[in-house]
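Chain residues, written in single-letter form:
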Amino acid sequence: MIELIKKLPKAELHLHIEGSLEPELMFRLAKKNNVEIPYKDIEDVRSAYNFTNLQTFLDIYYAGANVLLTKDDFYDLTWEYILRCVEDNVIHTEIFFDPQTHTERGVPFEAVITGIKKALADAKEKYGITSCIIMCFLRHLSQEEAFETLEQALDYKDDIIGVGLDSSELGNPPSKFKEVFQKAKEEGFKLVAHAGEEADFSYIYEALDLLNINRIDHGVQSIKSPELMQRLKDEQMPLTVCPNSNIELKVFETYKEHNIKELLDYGLNISVNSDDPAYFKGYVNQNFINLYENLPITEDDVITLVKNSFKSAFISDELKETYL
Ligand code: HPA
Ligand code: ZN
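Figured I'd write up the structure that's included with this text. Note that the structure is a prediction, hence the values are computed from the model and not measured.

Rules used throughout
- Residues numbered from 1 in each chain as written.
- Chains lettered and ligands numbered in written order.
- Predicted model: local features only at pLDDT ≥ 70, side-chain atom pairs only at ≥ 80, totals over all residues.
- Heavy atoms only, no water.
- Helix = DSSP H or I, 4+ residues; strand = E, 2+ residues; numbered from the N terminus.
- Rg over C-alpha atoms; globule rule 2.2 N^0.38 Å.
- Buried < 20%, exposed > 50% of the residue type's maximum accessible area, 1.4 Å probe, protein only.
- Contact = heavy atoms within 4.5 Å.
- Areas by Shrake-Rupley, 256 points an atom, 1.4 Å probe, with all protein chains shown as cover.
- Lys, Arg positive; Asp, Glu negative; His and termini not counted.
- Charge placed at Lys NZ, Arg CZ, Asp CG, Glu CD.
- Near = heavy atom within 4 Å.
- Polar contact = N/O pair within 3.5 Å; in protein donor to acceptor, adjacent residues only side chain to side chain.
- Nonpolar A, V, L, I, M, F, W, Y, C, P; charged D, E, K, R; others polar.
- Core = buried A, V, L, I, M, F, W, Y, C linked by side-chain atoms within 4.5 Å.
- Donors = N, O, S within 2.8 Å, 3.2 Å for Na, K, Ca; no water.
- Tetrahedral: all angles 85-135°; square planar, octahedral: opposite > 155°, others 65-115°.
- Pairing = 2+ DSSP bridges.
- Axes fitted to C-alpha atoms, helices over the stretch in contact; angles between N-to-C directions.
- Phe/Tyr/Trp six-rings, centres within 6.5 Å; stacked < 30°, edge-to-face > 60°.

1. A closer look at the overall build of the protein
Helix and strand counts for the protein stand at 16 helices and eight strands. Scaling as 2.2 N^0.38, a compact globule of 324 residues should have a C-alpha radius of gyration of about 20 Å, and the protein matches this with 18 Å. Buried residues in the protein amount to 59% of all 324 residues. Expressed as a percentage of contacts within the protein between residues at least 6 apart in sequence, the contacts between residues at least 24 apart total 76%. Of the roughly 13000 Å² of accessible surface on the protein, 49% is carried by carbon and sulfur atoms. Across the protein, the 33 positively charged side chains and the 57 negatively charged ones have centroids separated by 4 Å.

In structure tokens:
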């Protein structure tokens, strides 16, 4: 099984590029950019990665992102992730980035997007890896700030395939961003949103009915509503599930309690993704291996999960054909 997992060409649809910042690079950039980080050494960083919920993670994740300042920093960050894709045989990836985390600190939107873009172009040239970029609005900020971010993104419409919604879920429901998602849709962006990660399934209904999203990120709380499960199945709405993330953020107490096998067996369109791999103990293959070691996942399940990720990717039907 582990051989199959490693060998299968995969797509990743839920990956925050800031969440792929490994402690080694964090230290290198902190030193280069003269940014203070609250850690003595790599060991110290790793021991701080002990989360009790989404917010305790986000506090550390945003602090880590402070070391990213220049276009080259974003290039290096993205390139290191690409090397992990090569290792894990990820041949297509759709990367989230959080522009507001950087523009709030005075880093130009342009530095962020051009650094990421250049690394992805090199990934295509050197390894044949294809990719898309999705820009996320931080949901703990206002809709007005999301509108300002969307405005900045219009200059990079050819580089950004879609918009998403991430950060602190509880208390920041999709309905808060209804108008900005409407505008993004009119501008031709694909739409995704984190929903039903920690908050209940009503957030998933809002994401579907008010934001008109094309994919749900996480969505594991849908299991609490039989009616929603039936709808997600009928629509074959993609759910980009991130098992390691759910365990590290205590959405499920233990791996054995994760519901991915139930969601899959019910017939939902589920894929496996790494979310913030530098913080959640592993990249895509490690997520699959953990599933296999803790749940009754079969080889057919693994193949279905991988096919679903290609099926749900924001790529042309022609490219999909070549991958499926
Ligand atoms: N949830 C919400 N926001 C995030 C996450 C997540 O898992 N990772 C990075 N930003
Ligand atoms: Zn996420």
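So that's the structure; there's more coming.
2. Some points on the site of ligand 1
Inspection of the region around ligand 1 gives His16, Leu54, Phe57, Leu58, Tyr61, Asp166, Ser167, His194, Glu197, His218, Asp275 and Asp276 as its neighbouring residues. Here a nitrogen atom of ligand 1 sits 3.3 Å away from a polar atom, N or O, in the side chain of His16. Separating an oxygen atom of ligand 1 from a side-chain N or O atom of His218 is a distance of 3.3 Å. Surface burial for ligand 1 is 100%, taken as the share of its 260 Å² of free accessible area covered by protein chains. Of the residues contributing to the shell around ligand 1, the split by class is four nonpolar, four polar and four charged.

3. Quick look at the nonpolar core
In this structure, Phe97, Phe181 and Tyr279 are the most contacted members of the largest nonpolar core, which totals 104 residues. Looking at this core, the element that brings in the most residues is helix H7 (residues 109-127), giving eight residues. Setting aside residues no more than four positions away along its own chain, Phe181 makes contact with Phe137, Val163, Gly164, Leu165, Leu191, Val192, Leu211 and Ile213. Of all hydrophobic cores here, the second largest spans six residues; its members include Cys132, Ile134, Cys136 and Phe314.

4. A closer look at the coordination of the zinc ion (ligand 2)
Looking at the zinc ion (ligand 2), the protein donor atoms are His14 (NE2), His16 (NE2), His194 (NE2) and Asp275 (OD), and they sit 2.0 to 2.2 Å from it. Classification of the site at the zinc ion (ligand 2) rests on its four donor atoms, whose angles at the metal span 83 to 174°, yielding the label irregular. The sequence pattern describing where the donors of the zinc ion (ligand 2) fall on their chain is H-x1-H-x177-H-x80-D. Here His14, found in strand E1 (residues 10-16), pairs with Asp275, found in the loop between strand E8 (269-272) and helix H14 (284-294); they are 261 residues apart in sequence, far enough to count as distant. Under the relative-accessibility criterion, Asp275 is labelled buried at 2%.

5. Observations regarding the environment of Thr101
By secondary structure assignment, the location of Thr101 is in helix H6 (residues 99-103). C-alpha of Thr101 to C-alpha of Glu18: the two residues are 83 residues apart in sequence and 9.5 Å apart in space. In this structure Thr101 touches Tyr62, Ala65 and Leu138, once residues within four positions along its chain are discounted.

6. A closer look at the sheet that holds strand E2 (residues 90-97)
Ordered in space as E1-E2-E3-E4-E5-E6-E7-E8, the eight strands form an open sheet in which the pairing is parallel. Every other strand in the sheet has two partners, leaving E1 and E8 as the edge strands with one partner each. Averaged over all pairs of adjacent strands, the angle between their axes in this sheet comes to 25°, without regard to strand direction. Looking at chain direction, E1 and E2 are connected through five bridges and run parallel. In the strand pairing of E2, Glu12 is matched with Thr93.

7. Observations concerning the packing of aromatic side chains
Each aromatic ring pair is summarised here by two numbers: the centre-to-centre distance and the angle between the ring planes. In total, this model carries 16 aromatic pairs according to the counting rule given. For the pair Phe57 and Tyr61, a centre-to-centre distance of 5.0 Å together with 35° between the ring planes defines the contact as tilted. Residue Phe57 and its partner Tyr61 are located together in helix H4 (residues 54-65), separated by four residues, close to a single helical turn. Across the pair, Tyr61 and Phe57 agree in class, each one buried. Plain terms: the ring middles of Phe137 and Phe181 are 6.0 Å apart, the flat faces sit at 70° to each other, and that makes the pair edge-to-face. With a gap of 44 residues between them, Phe137 in strand E3 (residues 130-138) and Phe181 in helix H9 (residues 178-186) connect regions that are remote in the sequence. When sorted by exposure, Phe137 lands in the same class as Phe181, which is buried. Linked through ring pairs, Tyr49, Phe51, Phe57, Tyr61, Tyr62, Tyr279 and Phe280 together constitute an aromatic cluster.

8. So, unusual backbone geometry
Working note: non-glycine residues mostly have negative phi, and peptide bonds are mostly trans. At Ser167, a residue that is not glycine, the phi angle is positive and equals roughly 80°. If you trace the backbone, Ser167 turns up in the loop between strand E4 (162-166) and H9. For Ser167, a relative accessible area of 7% puts it in the buried group. A positive phi angle, near 65°, is found at Asp275, a position not held by glycine.

In short, geometric facts, not functional conclusions.
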